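Overview (structure and organization)
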Amino acid sequence: MAKTKHVMYLKLSLTLLILAHVLATTNGLDSPSSKTGRPWPFKKLNKPVVLMISCDGFRFGYQFKTDTPNIDLLISEGTEAKSGLIPVFPTMTFPNHYSIATGLYPAYHGIIMNSFTDPVTGDKFNKGLDPKWWLGEPLWVTAANQGRKAVTYFWPGSEVPKDSWTCPKELCPHYNSSVTFEERVDNVLSYFDLPQSDIPDFLMLYFDQPDKEGHEYGPDDPRVTAAVGRVDKMIGRVIQGLKKREIFDEVNVILLGDHGMVTNCDMKTIYIDDLAEWVKIPADWINAYSPVLAMNPKWGKDVKNPSEKNAELVAKMNEGLSSGKVENGEFLQVYLKEKLPKRLHYSESSRIPPIVGMVGEGLIVRQNRTGVHECYGDHGYDNKYFSMRSIFIGHGPRFKQGKKVPSFENVQIYNVVAEILGLRPASNNGSSLFTRSILSSSGETGEVD
Ligand SMILES: *[C@@H]1O[C@H](CO)[C@@H](O)[C@H](O)[C@H]1NC(C)=O
Ligand SMILES: *[C@@H]1O[C@H](CO)[C@@H](O)[C@H](O)[C@H]1NC(C)=O
Ligand SMILES: *[C@@H]1O[C@H](CO)[C@@H](O)[C@H](O)[C@H]1NC(C)=O
Ligand SMILES: [Zn+2]
């Protein structure tokens, strides 16, 4: 009796198994994978989905400051940029978030600093939403233009209307720093409770930490360590939310930051007025002091050749700075923007002022010795400095488990997301070959090559 029951049970299980297989195969026929010929790896979602999370000012190495079990989980089960993600120059928040979104260097996407004055028109940009400033095609626009659904739960530039993207309220909430991190996470997760066909293809989530504490106290402060722990908890909240919905292994989660952070104390300052012996530089020629010195000299109407005068000014400044007579002078080098090192890609925009000074790591530039004396944290310096690096971790069906890739510049990320989502990328500064080095071609997570 018992034996018969057992056999019947076996038969039933077998039938169910076959049925399940047939269903899965049939389902596979009209899933997106049938177009690409790839095995369809998903059970719950009927399409590839990317969730990109940015932790502002998450310097590479912060993950070793304290226990970060959730970030560690993404790293061990995903793909990590071994020595961090390289930001673009200048290593500031708006230029970098928009480079991540567009795959363009700031000279080409137009947001050349967090705030600046256009040297040609005199118009001032200060994180405003006027579409004229925001060039290039960010991912949410690429998605919308190709009939996909994007959600931007805060991202610099996402509120700017462009092409098919109108920043609809329900998909593109306006930035509000008072919205708690928990609320941000829960809101983003709630999009996964929509009916299958309404689930967004692409979601972006932004935390303004640990940047805030980093600026206030410098990177080596217990309050920064606490902020790192807090951000890790939020990553845990994302992971738990996805696991509860049984989609943690189906969503491609990209965790990254825009730049790092370095201690900055005014014991290490370069004073412009100290150059007076070589050249007198009025404060109104200077748009920004540090971490990037941005200069647009106002030559009188009688000056026939301003570029010649600019070149002379640069030469005199560098002569003074390298004379050994100017305090900390060796930590500032001034360039005509066309002469900046090519690796910075920071010349081909009329918005970049004609003269740019590269300030040494952790140095400050001021006009004179009046003013505050303090220590804090900052970023914006040359992207060659390790302290300016952030993190990159990819987790999910297109990212191999436990894989480490060499560090890369964040302009590569646009193509990576476009490839995962099957979008035609707009022209950008990433390499189309790069996606092959970081993404697995099949939808299956596997061993490291
Ligand atoms: C910002 O968010 C807070 C907290 O959710 C809310 O009370 C406030 O009304 C919001 N402000 C705006 C301008 O929407
Ligand atoms: C120092 O520079 C600031 C501009 O940065 C200027 O407002 C101030 O008058 C200067 N002070 C002196 C003593 O030159
Ligand atoms: C970056 O991309 C833009 C748009 O395709 C292009 O015009 C520019 O030449 C590229 N610059 C570099 C340095 O690759
Ligand atoms: Zn930032």
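Sequence order sets the numbering: in each chain, residues are counted from 1 along the sequence as written. By the order in which they are written, chains take letters starting at A while ligands take numbers starting at 1. Two thresholds apply to this predicted model, a pLDDT of at least 70 for residue-level local features and 80 or more for giving and counting side-chain atom pairs, whereas whole-chain, interface and lining totals are computed over all residues.

As for the overall build of the chain
A tally of regular secondary structure across the chain gives 12 helices and 17 strands. The contact criterion used is a C-beta to C-beta distance within 7 Å, with each C-beta placed from the backbone. Long-range pairs, those at least 24 residues apart, make up 74% of the contacts in the chain with a sequence separation of at least 6. In this text, helices come from DSSP runs of H or I with a minimum length of four residues, and strands from runs of E with a minimum of two, each type numbered from the N-terminal end.

Some points on the nonpolar core
Nonpolar side chains tend toward joint burial in soluble globular proteins. In plain words, the nonpolar core is the set of buried Ala, Val, Leu, Ile, Met, Phe, Trp, Tyr and Cys residues that C-beta atoms within 7 Å link up. Each residue is classified by how many other C-beta atoms fall within 10 Å of its C-beta atom, where C-beta atoms are placed from the backbone; a count of 20 or more means buried, 12 or fewer means exposed, and values in between mean partly exposed. Counting residues in hydrophobic clusters, the biggest one holds 113 residues, and the most contacted among them are Val50, Leu51, Ile53, Phe202, Leu255, Leu293 and Val417. Counting residues per element, this core draws most heavily on helix α9 (residues 222–244), at eight residues. The domain limits used here are those given by an automatic or database domain assignment. Looking at which domains feed residues into this core, each of domain 1 (50–261 + 384–438) and domain 2 (266–373) gives three or more. Once you skip the residues sitting within four places of it in the chain, Val50 turns out to touch Phe202, Asn252, Ile254, Val417, Ile420 and Leu421.

So, the sheet that holds strand β13 (residues 355–359)
Read from one edge to the other, the open sheet built from four strands follows the order β10-β11-β13-β12, with strand pairing classed as antiparallel. The outermost strands of the open sheet, each flanked by one partner alone, are β10 (286–288) and β12 (332–336). Averaged over neighbouring strand pairs, the angle between their axes works out to 25 degrees when direction is ignored. Any two strands with at least two DSSP bridges between them are considered paired. For strand β11 (residues 292–295) and β13, the ladder comprises four bridges, and the chain directions are antiparallel. Axis definition: a line fitted to C-alpha atoms, over the contacting stretch in the case of helices. Angles run 0 to 180 degrees between N-to-C directions.

Details of the packing of helix α3 (residues 69–76) against α9
Two elements in contact, α3 and α9, have axes whose closest approach is 7 Å; the angle formed by their N-to-C orientations is 60 degrees. As the angle between them shows, α3 and α9 are arranged oblique. Contacts between α3 and α9 involve Pro69, Asn70, Ile71, Leu73 and Leu74 from the former and Asp232, Ile235, Gly236 and Ile239 from the latter. Under this grouping Gly is polar, as are all residues other than the nonpolar Ala, Val, Leu, Ile, Met, Phe, Trp, Tyr, Cys and Pro and the charged Asp, Glu, Lys and Arg. Residues that form the contact of α3 with α9 fall into these classes: six nonpolar, two polar and one charged. In these notes the angle categories are as follows: under 35 degrees is roughly parallel, over 145 is roughly antiparallel, 65 to 115 is roughly perpendicular, and the rest is oblique.

What about helix α11 (residues 413–421)?
For the α-helix, the turn length of 3.6 residues means that residues three or four positions removed from each other point alike. In terms of residue burial, α11 counts as a mostly covered element, since eight of its nine residues are buried. Buried within α11 are the following residues: Ile413, Tyr414, Asn415, Val416, Val417, Ala418, Ile420 and Leu421. Looking one or two places after α11, you find Gly422, whose phi comes out positive at around 70 degrees.

A look at the site of ligand 2
Any residue qualifies as near a molecule or strand once its backbone-derived C-beta atom lies within 6 Å of it. By nearness alone, every residue bordering ligand 2 is listed as Ala283, Gln367, Asn368 and Thr370. Of the residues contributing to the shell around ligand 2, the split by class is one nonpolar, three polar and no charged.

Notes on the site of ligand 3
Surveying the vicinity of ligand 3 reveals the residues Leu104, Tyr108, His345, Ser427, Asn428 and Asn429. Split by residue class, the shell around ligand 3 holds two nonpolar, four polar and no charged.

Re the sheet that holds strand β16 (residues 392–395)
Overall, mixed pairing links the seven strands, which are arranged β5-β6-β1-β7-β16-β2-β17 in an open sheet. Here the strands that pair on one side only, and so sit at the sheet edges, are β5 (150–153) and β17 (403–405). For this sheet, the mean inter-axis angle between neighbouring strands, taken without regard to orientation, is 15 degrees. Pairing geometry for strand β7 (residues 251–256) and β16, over four bridges, is antiparallel. Within β16, the position partnered with Leu255 by the bridge is Ile393. Its contacts with the sheet place α11 against β1 (49–55), β6 (202–207) and β7, and it is angled at close to 155 degrees to β1.

Let's talk about helix α10 (residues 306–321)
Taking 1.5 Å per residue, 16 residues should reach 22 Å; α10 reaches 22 Å between its end C-alpha atoms and fits that length. Listed as buried for α10 are Leu313, Val314, Met317, Gly320 and Leu321. Burial along α10 is one-sided: seen end-on, the buried residues are contained in an arc of 130 degrees. Away from the buried face of α10 by more than 90 degrees, exposed residues Glu308 and Glu312 are located. The secondary structure elements touched by the buried residues of α10 are β12 and β13. Each residue after the first adds 1.5 Å to the expected span of a helix. Working definition: the arc comes from the directions between the helix axis and the C-beta atoms, pointing outward to the latter.

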